[in-house]
Amino acid sequence: MSFLGYKSNVEEGDLVIIFLGHDSMLPLTVRQGETTQTRFGALRHSQVIGKQYGSKIETLGGKGFVYVLHPTPELWTVNLPHRTQILYSTDIGVIISQLELKPGSVVVESGTGSGSLSHSLARAVAPSGHLYTFEFHEQRAATAEKEFKDHGLSNLITVQCKDAIQDGFGMTDVADAVFLDLPSPWSALQHAKAALKAAGGRICSFSPCIEQVQKTCLELTAQGFDEVTTLECLLRSYDVRTISLPVPKLGFEAEDLQEKSDKSVRNISDTCDDIKESVLKDDVDNLNVEEVAEQNVAKDIHRETGKKRRFNEDKFSKGQSGSNKSCVTMRCTTQGKEMPGHTGYLTFATLFRK
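Remember, it's a predicted structure, so these values are computed and weren't measured experimentally.

Novice: Just to check I follow, could you spell out the sheet that holds strand S15 (residues 345–352) for this structure?
Specialist: Think of a sheet as strands paired side by side through backbone hydrogen bonds, with each pair either parallel or antiparallel. If you trace the seven strands from one edge of the open sheet to the other, you get S9-S8-S7-S10-S11-S15-S12, paired in mixed fashion. Pairing within the sheet leaves two strands with one partner each, and these edge strands are strand S9 (157–160) and strand S12 (226–231). Pairwise comparison of adjacent strand axes, ignoring direction, gives a mean angle of 15° for this sheet. As paired elements, strand S11 (residues 200–207) and S15 share eight bridges and run antiparallel to each other. Across the sheet, Cys204 pairs through a bridge with Phe348, a residue of S15. The strands touched by helix H4 (residues 116–125) are strand S7 (106–110), strand S8 (130–134), S9 and strand S10 (177–180); relative to S7, the strand with the most contacts, the crossing angle is about 175°. Contacting S11, S12 and S15, helix H8 (residues 210–222) runs over the sheet at an angle of about 5° to S15.

Spelled out as structure tokens, the structure:
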């Protein structure tokens with residue numbers, strides 16, 4: 001089973017994601033002869049084997065149904081067993097973008113934790129890149145290494161059980177980028193700087209407290225890093241609904257406006273001719289006849305449209321135009337009153353080497 005590629009049908013031993021709803025999913029390793037209980041009823045693994053990914057499968061007794069999805073790093077992030085607090089897709093996407101990762105990049109990560117970010121980093125640098133991830137907790141490191149092997153990522157990820165703050169990374173001039181998720185990331189910046197390639201690279205530190213961010217920024221500057229930036233990523237949700245609004249009467253319809261416009265043009269032309277004749281008779285010089293004509297016609301139009309607008313407003317207020325009122329349907333969004341956050345800050349910096 002590999003998180004890097006897709007296949008059509010489920011095979012025995014595959015890890016699949018059982019989709020119960022947008023807020024309810026569970027990871028499942030398919031084994032012949034086993035049964036898994038869900039809130040919609042029992043699901044026999046034999047029903048899943050051989051089915052195409054994305055299939056809809058009814059549970060026993062016809063109580064409901066589930067969908068079988070192919071695992072991805074994003075789906076694994078929301079379904080993995082938590083051994084530590086994890087990073088979610090909102091932060092992960094910003095990290096990969098800001099670290100400028102691409103196929104072939106070499107990344108150093110400390111610490112591994114539950115492996116949420118590690119899966120996405122491995123996919124970003126595949127097929128020719130590599131991820132070196134460090135975890136000081138021996139049991140967590142062993143569990144993460146087994147997961148990476150089961151998920152087909154062992155050729156892209158090297159797990160080491162080491163305290164990066166005390167012992168460093170043990171590598172020099174290797175990485176294009178470094179990610180730190182440590183209680184005191186400023187203590188590991190010297191080791192991170194040594195791990196970056198001679199040409200320089202990018203670094204990211206995740207911290208839940210702003211005091212940690214302050215110390216990290218000061219140490220980044222002291223170590224010679226530039227472009228120090230701190231971001232907080234919050235997910236804003238909107239409620240979308242369909243509404244219908246009446247189209248107001250603004251005084252005259254489009255046809256009336258076009259008719260008025262055509263009439264105005266004719267009036268301007270006629271008035272110009274009249275004024276020119278008058279000018280020739282009176283022998284008046286330097287008179288702008290077009291301007292005089294436009295002013296005269298504008299006054300007429302203003303009087304007419306004013307009468308029309310007042311007439312329509314009276315009809316609308318009295319409810320006499322109900323049968324002629326039209327509505328326009330549109331979608332609108334409203335922002336939620338609360339915007340939950342996880343209180344985490346991402347600090348990025350660049351090391352330029354001459």
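Additional details are given in the paragraphs that follow.
Novice: For this particular structure, what's the right way to read the environment of Ile243?
Specialist: The residue Ile243 is located in strand S13 (residues 238–246) in this model. Residues Ile243 and Arg331, 88 residues apart in the sequence, show an inter-C-alpha distance of 6.2 Å. The residues contacting Ile243, other than those within four sequence positions of it, are Val328, Thr329, Met330 and Cys332.

Novice: What's the story with the nonpolar core in this structure? I'm lost.
Specialist: The nonpolar side chains of a soluble globular protein tend to be buried with one another. Of all hydrophobic cores here, the largest spans 33 residues; its most connected members are Ile95, Leu101 and Ile157. Secondary-structure elements contributing two or more residues to this core are helix H3 (89–98), H4, helix H5 (138–150), S9, S10, S11 and S15. At five residues, H4 tops the list of elements feeding residues into this core. Residues contacting Ile157, with those up to four places away along its chain left out, are Ser118, Ala122, His130, Leu131, Thr133 and Phe148. Residues Val178, Ala188, Leu196 and Leu220 belong to the second largest nonpolar core, which totals 19 residues.

Novice: Where do I start with a nonpolar patch on the surface in this structure?
Specialist: On the surface, Leu245, Val247, Val328 and Met330 cluster together into a nonpolar patch covering about 280 Å² of accessible area. One can find Leu245 in strand S13. The class for Leu245 is partly exposed, based on a relative accessible area of 40%.

Novice: When you look at the sheet that holds strand S1 (residues 15–21) in this model, what are you seeing that I'm missing?
Specialist: Pairing is antiparallel across the open sheet formed by four strands, whose spatial order is S2-S1-S6-S5. Two strands close off the open sheet at either side, each with one partner strand: strand S2 (24–29) and strand S5 (56–58). Adjacent strand axes in the sheet meet at a mean angle of 35°, parallel and antiparallel pairs treated alike.

Novice: What am I meant to see in the side chain of His70 here?
Specialist: By the secondary structure assignment, His70 is in the loop between strand S6 (65–69) and helix H2 (73–77). Separated by 3.4 Å, the side chain of His70 and the backbone oxygen of Gly5 make a polar contact. Not counting residues within four places of it along the chain, the set of residues in contact with His70 comprises Met1, Ser2, Gly5, Tyr6, Lys7, Tyr53 and Leu75.

Novice: Explain the confidence of the model for the protein here, please?
Specialist: Put simply, the protein has an average pLDDT of 85, and 78% of its residues get 70 or more. Within the protein, the lowest mean pLDDT, 54, falls on helix H10 (residues 289–317), and the highest, 98, falls on S10. Residue range residues 283–287 is modelled with pLDDT below 50. Its contacts to residues more than four positions away, or to other chains, number three contacts. Here residues 315–324 is modelled with pLDDT under 50, and outside its nearest four sequence neighbours on either side it reaches six contacts, counting other chains as well.

Novice: How should I be thinking about unusual backbone geometry in this particular structure?
Specialist: Cis rather than trans, the peptide bond between Ser110 and Gly111 has omega equal to 0°. Relative to the helices and strands, Gly111 resides in the loop between S7 and H4. The omega torsion of the bond from Ala126 to Pro127 falls at 5°, within 30 degrees of zero and hence cis. Mapped onto the fold, Pro127 is located in the loop between H4 and S8. A positive phi angle is found at Glu100, which is not glycine, with a value near 60°. Following the sequence through the fold, Glu100 ends up in the loop between H3 and S7. By relative accessible area, Glu100 is classed as exposed at 55%.

Novice: I'm lost on the packing of aromatic side chains in this one. Help?
Specialist: The relation between two aromatic rings is expressed through the spacing of the ring centres and the mutual angle of the planes. Evaluated as defined, the whole model comprises four aromatic pairs. Judged by centre distance (5.8 Å) and plane angle (90°), the rings of Phe65 and Tyr67 are edge-to-face. Of the residues examined, Tyr67 reaches a relative accessible area of 29% and is grouped as partly exposed. Put simply, the rings of Phe19, Phe65 and Tyr67 pair up and form one aromatic cluster. Across the ring face of Phe65, the terminal group of Lys56 is positioned such that the distance to the ring centre comes to 4.0 Å.

Novice: Would you explain H8 in this entry?
Specialist: Residues lying three or four places apart along an α-helix face the same way, a consequence of the helix completing one turn every 3.6 residues. Over its 13 residues, H8 runs 19 Å from end to end, which matches the ideal 18 Å to within 8%, given 1.5 Å per residue. Next to the buried residues of H8 lie helix H7 (189–195), S11, S12 and S15. Where H8 ends, the next residue or the one after it, Gly224, has phi of about 95°, a positive value.

The rules behind these values
- Residues numbered from 1 in each chain as written.
- Predicted model: local features only at pLDDT ≥ 70, side-chain atom pairs only at ≥ 80, totals over all residues.
- Heavy atoms only, no water.
- Pairing = 2+ DSSP bridges.
- Helix = DSSP H or I, 4+ residues; strand = E, 2+ residues; numbered from the N terminus.
- Axes fitted to C-alpha atoms, helices over the stretch in contact; angles between N-to-C directions.
- Contact = heavy atoms within 4.5 Å.
- Core = buried A, V, L, I, M, F, W, Y, C linked by side-chain atoms within 4.5 Å.
- Buried < 20%, exposed > 50% of the residue type's maximum accessible area, 1.4 Å probe, protein only.
- Patch = residues over 30% accessible without salt bridge, like charges linked within 9 Å, V, L, I, M, F, W, Y side chains within 5 Å.
- Areas by Shrake-Rupley, 256 points an atom, 1.4 Å probe, with all protein chains shown as cover.
- Salt bridge = Lys/Arg side-chain N within 4 Å of Asp/Glu carboxyl O.
- Polar contact = N/O pair within 3.5 Å; in protein donor to acceptor, adjacent residues only side chain to side chain.
- pLDDT = per-residue confidence, 0-100.
- Phe/Tyr/Trp six-rings, centres within 6.5 Å; stacked < 30°, edge-to-face > 60°.
- Lys NZ or Arg CZ within 6 Å of the ring centre and 35° of its normal.
- Expected span 1.5 Å × (residues − 1).

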